[in-house]
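# What the coordinates show
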Amino acid sequence: MAGWDGWFVVEHREAHSQARAGRLVTPHGVVETPVFMPVGTQAAVKTLSPHELRAVGAEIILSNTYHLYLRPGSDVVAAAGGLHRFMAWDGPILTDSGGFQVFSLASLRQVTDDGVRFRSHLDGSEHLFTPERSMAVQRDLGADIIMCFDECLAYPARRDEVEASVDRTTRWAQRCHRFWQEEGNPERQALFGIVQGGAYPELRRRSAEALQELDFPGYAVGGLSVGEPAGVTVAVLDATVPLLPADRPRYLMGVGTPDLILEAVWRGIDMMDCVLPTRMARHGTVYTSEGKLTVRNAAFARDFRPLDPACDCYACRHFTRAYIRHLLKVNETLGMRLTTLHNLRYLHRFMERLRQAVREDRLPEFRAAFYRGEGAVLG
Ligand SMILES: CNc1nc2cc3nc(NC)[nH]c3cc2c(=O)[nH]1
Ligand SMILES: [Zn+2]
């Protein structure tokens, strides 16, 4: 609809690829794309404050509808004035619709065309998530970008299962769109359709064409990063991204290793999210310009260098591998905080270099240097 024309501005198309550099203009600020979005599952990016998130350069973060619906409840978040006020993050927020978490976390699920009946993974209480309920919860949470309630199948899935799932996801998207228009906040919250279709190009086309009928402010590629080989992920992107409107943002859900980020941006993806960089940080694995290293390992017990000598983050400016290893070994929270700060800073700087390469039509050289491991992170 006319209202969302122009909210996403493509500023440059890279000369040798489908990559583009642009800006998303949201009520809580502008986001440079391509962008990697840190995940704040339960209204916090684990171990970090909003102030620290700003310090590492984070611009937009994710939160999960399923978790916040169960705890503390979207009514509590709404009473606080919405998620931005509740968590004191004044930048853009994207909430997913709960679809993926219900399928990956809840138990005793029953999927019908009406929605998904499930038991909470917390206390076994029974709930029914419908497209309308997901839209109402996301409206109450107040994120700038909200996602359709969809069905994400595991990989691999039979073609007939995927076809039925695509058609259900389309019907659910129509219901989400109607609720958003009639009972949501269609001027302030951008609703994204989510393309499904498994590893079947013609089902991806079927899904993308059906969603475009509704003219969403943005489109996500769903159903990936669910255990398929990286080659399948990339092949599905090759088949799907060209089907999406060039003037709308394209969001690849659940992808965040640097190599896949690079391949996705090459193919025209503008937004990505992943829990990996923060989750692996808490387990002591960090990205560095010489490759990944697991600082918990004994090899670093007397290594008094920073995590990455080439990094400008707070952890690398003040602390050593030996000290951070010690903190992790004795389970001092500061250890996880420092590795998390570092990994998010590293990914943010990786995205800055990637955006610059796109703007300067240098993506082939950037990609070649990345795979040679020169000054880039080994994903
Ligand atoms: C909210 N809907 C929705 N979320 C997702 C989150 C994902 N996260 C991953 N890997 C970590 N794959 C995903 C796919 C979907 C998907 O197909 N749909
Ligand atoms: Zn660092």
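Here goes a summary of the coordinates provided. (Residues numbered from 1 in each chain as written. Chains lettered and ligands numbered in written order. Predicted model: local features only at pLDDT ≥ 70, side-chain atom pairs only at ≥ 80, totals over all residues. Heavy atoms only, no water.)

## Description of the packing of aromatic side chains
Applying the stated criterion to the full structure yields 14 aromatic pairs. Centre to centre, the rings of W7 and F192 are 6.1 Å apart; their planes meet at 80 degrees, and the pair counts as edge-to-face. Remark: F192 occurs in strand β11 (residues 190-195) and W7 occurs in the segment before β1 (8-13); sequence separation between them is 185 residues. What makes W7 buried here is its relative accessible area of 6%. With a centroid separation of 6.0 Å and an interplanar angle of 90 degrees, the aromatic rings of F216 and Y219 are classed as edge-to-face. On the accessibility criterion, F216 (0% relative accessible area) is buried. A relative accessible area of 1% places Y219 in the buried class. (Phe/Tyr/Trp six-rings, centres within 6.5 Å; stacked < 30°, edge-to-face > 60°. Helix = DSSP H or I, 4+ residues; strand = E, 2+ residues; numbered from the N terminus. Buried < 20%, exposed > 50% of the residue type's maximum accessible area, 1.4 Å probe, protein only.)

## Remarks on the coordination of the zinc ion (ligand 2)
For the zinc ion (ligand 2), the protein coordination sphere consists of C311 (SG), C313 (SG), C316 (SG) and H342 (ND1), at 2.1 to 2.3 Å. One way to put it: the four donor atoms around the zinc ion (ligand 2) meet at angles of 99 to 120 degrees, and that makes the site tetrahedral. Mapping the donors of the zinc ion (ligand 2) onto the primary sequence gives the spacing C-x1-C-x2-C-x25-H. No difference in accessibility class separates C311 from C313, as the two residues are buried. (Donors = N, O, S within 2.8 Å, 3.2 Å for Na, K, Ca; no water. Tetrahedral: all angles 85-135°; square planar, octahedral: opposite > 155°, others 65-115°.)

## What about the nonpolar core?
Grouped together as the largest cluster of nonpolar side chains are 99 residues, with contacts concentrated most on I145 and Y251. The element that contributes the greatest number of residues to this core is helix α14 (residues 333-359), accounting for nine residues. In terms of nonpolar packing, the next biggest core, distinct from the first, is built from 14 residues, F300, L307, C313 and L338 among them. (Core = buried A, V, L, I, M, F, W, Y, C linked by side-chain atoms within 4.5 Å.)

## Focus on the pattern of salt bridges
This model, assessed by the stated rule, comprises 31 salt bridges. A salt bridge links E52 to R337; the shortest N-O distance between them is 2.7 Å. Taken together, the positions of E52 in helix α1 (residues 50-56) and R337 in helix α14 put the pair 285 residues apart, joining distant regions of the chain. Here R337 falls in the partly exposed class, since its relative accessible area comes to 24%. Here D303 makes a salt bridge to R321, at a shortest N to O gap of 3.0 Å. Taken together, the residues span a long stretch of sequence, with D303 in the loop between β16 (293-294) and α12 (314-318) and R321 in helix α13 (residues 321-329) at a distance of 18 residues. Assessed through its relative accessible area of 4%, R321 is described here as buried. Ionic contacts of the salt-bridge type, sharing partners, join the residues R159, E163, D167, E202 and R206 into one network. (Salt bridge = Lys/Arg side-chain N within 4 Å of Asp/Glu carboxyl O.)

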